[in-house]
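# Summary of the model geometry
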Amino acid sequence: MSRQSVAKAHQKIQELAWEPMYHQPVSHYGTDYTFRKAQKKDPLKQVLRSYFPMQEEKDHRVYGASDGAIRGNMFRQVQERWLEWQKLFLSIIPLPEISAARAMPLLFRNVPNPELHNGQAIQMIDEVRHSTIQQNLKRLYMNNYIDPAGFNSSLRNFQNDYCGTIGRQFAEGFITGDAITAASIYLTIVAETAFTNTLFVAMPAEAAANGDYLLPTVFHSVQSDESRHISNGYATLLMALADEGNHQLLERDLRYAWWNNHRVVDAAIGTFIEYGTKDRRKDRESYAEMWRRWIYDDYYRSYLVPLEKYGLTIPHDLIEESWNQIWHKGYVHEVAQFFATGWLANYWRIDPMTDKDFEWFEHKYPGWYDRYGKWWENYNRLSTPNGHHPIVAEDVDYQYPHRCWTCMVPCLVREDMVMAEVDGQWRTYCHEACRWTDVEAFRPVYQGRNTPNMGQLIGAREWETLYHGWNWADVVQDMGFVRDDGKTMVAQPHLNLDDPKKMWTLDHLRRMPNLQSPNVLLNQMSDAERAAFHANYIKGGPAGRPAKD
Amino acid sequence: MTTATERSVPKPVFTDAEAGAKEFPDSKARRFNYFTPQKRKQTHYEDVTVEVQPDPRHYLAQGWLYGFSDGKGGYPLDWTQLKAWGSDRPEPERGPGTGGQGYEWPAHGWHEFRDPNEEWELSLYRYNANVVRQLQANVDAAKQAKSFQQWNPNWVRFVQQNVGAWMHVDHGLGLYLFANANRRGPTNMHNTAIAVNSMHLIRAAQDLALYQLTLSEEVEGFDGSAHLETWNSDPAWQGVREMAERLTATDDWAEAVFAANVVFQPLVGELFRSQLVMQVAPRNGDFVTPTVVGAEEYDFSERDLRYTKAIFELLSNDREFAEHNSRIMNTWLADWTGQAITAARAMQPLWSQPDTKPIRFEDALDRVKSRFAGVVEELSLDIPKELER
């Protein structure tokens, strides 16, 4: 279709909407935001007559590349270090995608602009595309990569694993609670507009550097849809800003959504990009550099800040604090170290770091070796079974951390940990912003204003508590992270598949001390013990080191 | 002499990380092992849809993490009155030392549903792209053949008003019933099939709207906005409109899908499309409109009705709740069939509008009643007495 005919066609389809005369469409989802009817234009200007063939053409390219990858023996050049982390990433990401599809109806009754509903419906089916095309990529990896373990049990693993649970926020946050908080601010304004840049652009570039050109093929195709979704969010945001009564809620939701996305996405993608790569060219961008470019400059400075003039209160402090966490407080390194500490509770193999990796980290993050080098040397030393326990149960100057009750990433930057007694339970939070999210934002009253539609944080949010007092072998078996011989673990702290003796089994775990939930122990303490514990905890770190006094 | 600086690019490395390079535990375990396929071998469709939407009754160890203001998270089973076996078992309680185990997969009967159309992204884009391409070709061929010039004024009026009015039905149901319901079903298989149904309808609505745009350009005197007046105030359309609006106002997602695809589409949609427009158009010199309307008819009869029957057949034959479900679905049939017949009868004046007449209205209605009765019987439900109104 020519541009002129697209414009005419789009104008014509606006005649499809009608005002109900007999019955109002069902209203399933509430919001505390208020919207006035406004003639905000559908930014997508998408007509299905051109949309379906366009998507089909994109599919042709993706599936053609998939076929080419197999015929061209791509997996002879893929780095195992990289593909192993895809077992985590590709188990998580289809759920956020499909949840974004499910989120679109939350907007229909709350955003009174039929023109925008057209764009939202197209986003819905785009998201079905993303979810199933990503599942298909994982299926291809399972069929063609050397080690299918972890891919083959992907969705059960993801749903049972604490890393999967962290990632699941990036899905459930889209579909529950206040409809605008969830489907507009958290999903489109922050997750899609800011963080898909690192997810779907920065990460695929790293995949290509590790011999995997299928991930870029699929995810760039996905990202080409995201740019339209970003426009959807922007149109809704401008409508929300038109009513001053929404400004307080917008401020709340931007703070929550920004911080949660930072905690969750930077933890995962930062780890994949920094610790999942073998590309140690000194001039390749680090995650921190990518973040500065894609998120700080492109999103914060170019997209968010200009909205200030419309009355949007930007969480400048949290954005600067996120950078502070990544650059000064080693957030990504702390997370990667924790994932590797808990390798046995996961379903992928984590390659030890080598001298070449150390050199690169030191170059990109001066002071890295002094903080993390010794611990990674220990990880390497303890990676194959030789009469010792997995690293989590060995003395390597590492204190197992408490869980953040809100973002569920542990409280790794020790000095930032805060506690609060909420609903009869002492909870730990990785940062004041996460405490605020639980204690103040996700409540039916916010700053004296009734917010009856705000959602709740629910669920068994500390993974360790489920297994308090369990033997580690039983924990791993309960989660199902065991290979088809019934004893060899899916997870391994190395990549060696040649020698069965070098692979950890349930028998090795059986000898370990039982797992203890830090939160259960915290709640057993007296007030004085708890205060002393907190004072000590925040003196710990970096790199998980216990306080020295 | 010039010197070339070496570009900084990643170097290819031979890793031999392809399937079969080594043997070790799980090295040959190359199928998703977390669900039981419907047939002996799991299908590509199952691989890309099953279990993507979690369920705390089998795997979700830490439960749902975000809830609505009432504390309910995820996809509550009580968003419909219908039940599949196992629905009444409580969600496993998880707390200190409980571990993460739920019930054995699938935990309840909702997970047994598979879309017989096996829809996922590849299939839905191929199918819909083919439809829009073919429609465009049909309309272009008609333009080149000057076939619209054969239309008599009465037929032009019929198309601009009545065929035009139908696009509102498609649009309303596509967006506010089916797209809305894609958040409501208990499994990814339900919600994906429903989302695809939604896109069929939204596409069909746009197909009709753009067809009208072409006619406005090609047919002298064609009033491209006449459909609005028809939809808003023609008494013949108000029964259809009221029913379409009530469908979008239905709280229970399964009732909405059932009422739309088991009752409304066979009794009203097929009556209008197959028994009126597609029959009468050729007799009035129009070979194009039936192809546009026929594409939508195919969407419904060959795809959307198929998955709908698969959903509700399972429920009316459920090993634990067959009686409960059949009782509720029979109530729905009685409730919605009466309204559908009223809406259908209100459309009767349309049968006398074209110059060359179609089959009699009563004969057309008998045909769709017979077709409807067949669908109801396939679902092991009772033919409602309201059908005889």
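Check the entry above for the structure.
This write-up is about the structure you can find in this document. All values reported here derive from a predicted model rather than from experimental measurement.

## Here's the deal with the overall build of chain A
Tallying secondary structure elements over chain A gives 22 helices and five strands in all. Its C-alpha atoms give chain A a radius of gyration of 24 Å, near enough to 24 Å, the size a compact globule of 549 residues would have. Going through the 549 residues of chain A one by one, you find that 68% of them count as buried. In chain A, 77% of the contacts between residues at least 6 apart in sequence involve partners at least 24 apart. In the form shown here, chain A has an accessible surface area of approximately 17100 Å², with 49% of it arising from carbon and sulfur atoms. Looking at charge distribution, chain A has the averaged site of its 59 positive side-chain charges lying 4 Å from that of its 69 negative ones.

## Description of the packing of aromatic side chains
Summed over all chains, the structure comprises 69 aromatic pairs over all chains. Seen from their ring centres, Tyr-186 of chain A and Tyr-256 of chain A are 5.2 Å apart, and the 20° between their planes marks the pair as stacked. Remark: Tyr-256 of chain A occurs in helix α11 (residues 247-275) and Tyr-186 of chain A occurs in helix α9 (residues 179-209); sequence separation between them is 70 residues. Each member of the pair, Tyr-186 of chain A as well as Tyr-256 of chain A, carries the same accessibility label: buried. Judged by centre distance (5.2 Å) and plane angle (20°), the ring pair of Trp-166 of chain B and Phe-272 of chain B falls under stacked. Residue Trp-166 of chain B is located in helix α3 (residues 153-181), and its partner Phe-272 of chain B is located in helix α7 (residues 253-283); the two are separated by 106 residues in the primary sequence. Classification of Phe-272 of chain B as buried rests on a relative accessible area of 1%. Three or more aromatic residues link up through ring pairs in this structure, and these residues are Tyr-275, Phe-358, Trp-360, Phe-361, Trp-368, Tyr-369, Tyr-372, Trp-375, Trp-376, Tyr-379 and Tyr-398 of chain A. Its guanidinium or amino end placed over the ring of Trp-85 of chain B, Arg-319 of chain B lies 3.6 Å from that ring's centre, counting from NZ or CZ.

## Observations regarding the pairing of strand β2 (residues 425-429) of chain A
Residues in a regular strand project their side chains so that they alternate between the two faces of the sheet. Residue and element names in this part refer to chain A. The element β2 is extensively covered by neighbouring structure, given that four of its five residues are classed as buried. Across five bridges, the pairing between strand β1 (residues 418-422) and β2 is antiparallel. Bridge assignment links Val-422 to a residue of β2, and that residue is Gln-425. With antiparallel pairing between neighbouring strands as the criterion, β1 and β2 make up a hairpin whose turn holds two residues, including Asp-423 at a positive phi of roughly 50°.

## Some points on the side chain of Glu-56 of chain A
Residue placement: Glu-56 of chain A occurs in helix α2 (residues 48-71). With relative accessibility at 9%, the residue Glu-56 of chain A sits in the buried group. Contact partners of Glu-56 of chain A, with chain neighbours within four places excluded, come to Tyr-125, Arg-126, Ala-129, Asn-130 and Arg-133 of chain B.

## Description of the environment of Gly-480 of chain A
Residue and element names in this part refer to chain A. Within the secondary structure, Gly-480 sits in the loop between α19 (472-479) and α20 (506-510). For Gly-480 and Asn-157, which are 323 residues apart along the polypeptide, the C-alpha to C-alpha distance reads 7.2 Å. Each residue touching Gly-480, except ones within four places of it in the same chain, is listed here: Arg-156 and Asn-157.

## Section: the environment of Ser-87 of chain B
Residue and element names in this part refer to chain B. For Ser-87, the position within the fold is in the loop between β1 (66-67) and α2 (121-144). Residue classification places Ser-87 among the buried residues on the basis of a relative accessible area of 13%. As for Ser-87 and Trp-110, which are separated by 23 residues in sequence, their C-alpha atoms are 8.3 Å apart. If near-sequence neighbours (up to four positions away) are discounted, Ser-87 is found in contact with Leu-77, His-108, Trp-110 and Phe-321. Within polar-contact distance, the side chain of Ser-87 engages the backbone oxygen of Ala-84 at 2.6 Å.

## Points about the packing of helix α6 (residues 235-248) of chain B against helix α9 (residues 322-346) of chain B
Residue and element names in this part refer to chain B. In contact at an axis separation of 7 Å, α6 and α9 are set at 155° when each is read in the N-to-C sense. Classified by the interaxial angle, the pair formed by α6 and α9 is roughly antiparallel. Seen from above, α6 lies across α9 with left-handed handedness. Residue-level contacts link Pro-235, Ala-236, Gly-239, Val-240, Glu-242, Met-243, Arg-246 and Leu-247 of α6 to Asp-335, Trp-336, Gln-339, Ala-340, Ala-343 and Ala-346 of α9. Looking at the contact of α6 with α9, its residues break down into nine nonpolar, two polar and three charged.

## Describing the interface of chain A and chain B
With 118 residues of chain A at the contact, the number on the chain B side is 113 residues. At the boundary of chain A with chain B, total buried surface from both sides reaches about 10400 Å², with 58% on carbon and sulfur atoms. For Lys-8 of chain A, the salt bridge goes to Glu-217 of chain B, with nearest N and O atoms at 2.7 Å. Remark: the boundary between chain A and chain B carries 75 residue pairs in polar contact (both at pLDDT 80 or more). By residue class, the composition of the side of chain A that touches chain B is 56 nonpolar, 33 polar and 29 charged. Relative to β1 of chain B, strand β5 (residues 456-457) of chain A runs antiparallel, the two sharing two bridges. Paired with Gln-456 of chain A across the bridge in β1 of chain B is Gly-67 of chain B.

## Comments concerning the pattern of salt bridges
The full count for this structure, using the stated rule, is 65 salt bridges over all chains. With a shortest N-O distance of 2.9 Å, Asp-207 of chain B and Arg-203 of chain B are connected by a salt bridge. On the criterion of helical spacing, the pair formed by Asp-207 of chain B and Arg-203 of chain B is a turn pair, its members being four residues apart in helix α4 (residues 188-218). Relative accessible area serves as the criterion here: at 1%, Arg-203 of chain B is assigned to the buried category. Within the structure, one salt-bridge network assembled from shared partners comprises Lys-58, Asp-59, Asp-126, Arg-129, Asp-225 and Arg-228 of chain A together with Glu-121 of chain B.

Parameters at a glance
- Residues numbered from 1 in each chain as written.
- Chains lettered and ligands numbered in written order.
- Predicted model: local features only at pLDDT ≥ 70, side-chain atom pairs only at ≥ 80, totals over all residues.
- Heavy atoms only, no water.
- Helix = DSSP H or I, 4+ residues; strand = E, 2+ residues; numbered from the N terminus.
- Rg over C-alpha atoms; globule rule 2.2 N^0.38 Å.
- Buried < 20%, exposed > 50% of the residue type's maximum accessible area, 1.4 Å probe, protein only.
- Contact = heavy atoms within 4.5 Å.
- Areas by Shrake-Rupley, 256 points an atom, 1.4 Å probe, with all protein chains shown as cover.
- Lys, Arg positive; Asp, Glu negative; His and termini not counted.
- Charge placed at Lys NZ, Arg CZ, Asp CG, Glu CD.
- Phe/Tyr/Trp six-rings, centres within 6.5 Å; stacked < 30°, edge-to-face > 60°.
- Lys NZ or Arg CZ within 6 Å of the ring centre and 35° of its normal.
- Pairing = 2+ DSSP bridges.
- Polar contact = N/O pair within 3.5 Å; in protein donor to acceptor, adjacent residues only side chain to side chain.
- Axes fitted to C-alpha atoms, helices over the stretch in contact; angles between N-to-C directions.
- Parallel < 35°, antiparallel > 145°, perpendicular 65-115°, else oblique.
- Left-handed = near helix turned anticlockwise from the far one by under 90°.
- Nonpolar A, V, L, I, M, F, W, Y, C, P; charged D, E, K, R; others polar.
- Buried area = accessible area lost by both parts, 1.4 Å probe.
- Salt bridge = Lys/Arg side-chain N within 4 Å of Asp/Glu carboxyl O.

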